[in-house]
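Residues per chain are reported as follows:
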Amino acid sequence: MQLSKLLCFIGIHEWKNAGGYSEFSSSVAEKHYVCRRCGKHKRDIITK
Ligand SMILES: [Zn+2]
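Residues numbered from 1 in each chain as written. Predicted model: local features only at pLDDT ≥ 70, side-chain atom pairs only at ≥ 80, totals over all residues.

### Re the sheet that holds strand β1 (residues 15–23)
Part 1: With respect to topology, three strands assemble into an open sheet ordered β1-β2-β3, the strand pairing being antiparallel. Strand pairing shows two members of the sheet lacking a second neighbour, β1 and β3 (41–47), which therefore form its edges. On average, each strand axis in the sheet is inclined to that of its neighbour by 25°, with strand direction left out of account.
Part 2: Sheet topology note: the β1/strand β2 (residues 28–35) ladder contains six bridges and is antiparallel. By the bridge assignment for β2, Tyr 21 is matched with Lys 31. (Pairing = 2+ DSSP bridges. Helix = DSSP H or I, 4+ residues; strand = E, 2+ residues; numbered from the N terminus. Axes fitted to C-alpha atoms, helices over the stretch in contact; angles between N-to-C directions.)

Right, dumping it as structure tokens:
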């Protein structure tokens, strides 16, 4: 198994901003990320 795959396997992904951004309200938004190595997606709820 490649080291990069192993890192993803144990949950250490290399997130890059996927460009998605949705705003729930004036103070809460959601940002989208995708892992460069395995393609997994995640989203973060952020408060401004
Ligand atoms: Zn990954």
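Now that the structure is up, let's keep going.
### Side note on the confidence of the model for the protein
Part 1: Of the residues in the protein, 98% reach a pLDDT of 70 or more, and the chain-wide mean stands at 91.
Part 2: Of all secondary-structure elements in the protein, the lowest mean pLDDT belongs to β1, at 86, while β2 reaches the highest, 94. (pLDDT = per-residue confidence, 0-100.)

### Let's talk about the environment of Arg 43
Part 1: Examined against the element boundaries, Arg 43 turns out to sit in strand β3.
Part 2: Spatially, the C-alpha atoms of Arg 43 and Tyr 33 are 6.0 Å apart, while their sequence positions differ by 10 residues.
Part 3: Sequence-distant contacts of Arg 43, defined by excluding residues within four places in its chain, comprise Glu 30, Lys 31 and His 32. (Contact = placed C-beta atoms within 7 Å.)

### Let's talk about the pairing of β3
Part 1: Little of β3 sits inside the fold, with zero of its seven residues counted as buried.
Part 2: Relative to β3, β2 runs antiparallel, the two sharing seven bridges. Looking at the pairing, His 32 lines up with Arg 43 of β3. (Buried ≥ 20, exposed ≤ 12 C-beta atoms within 10 Å, placed from the backbone.)

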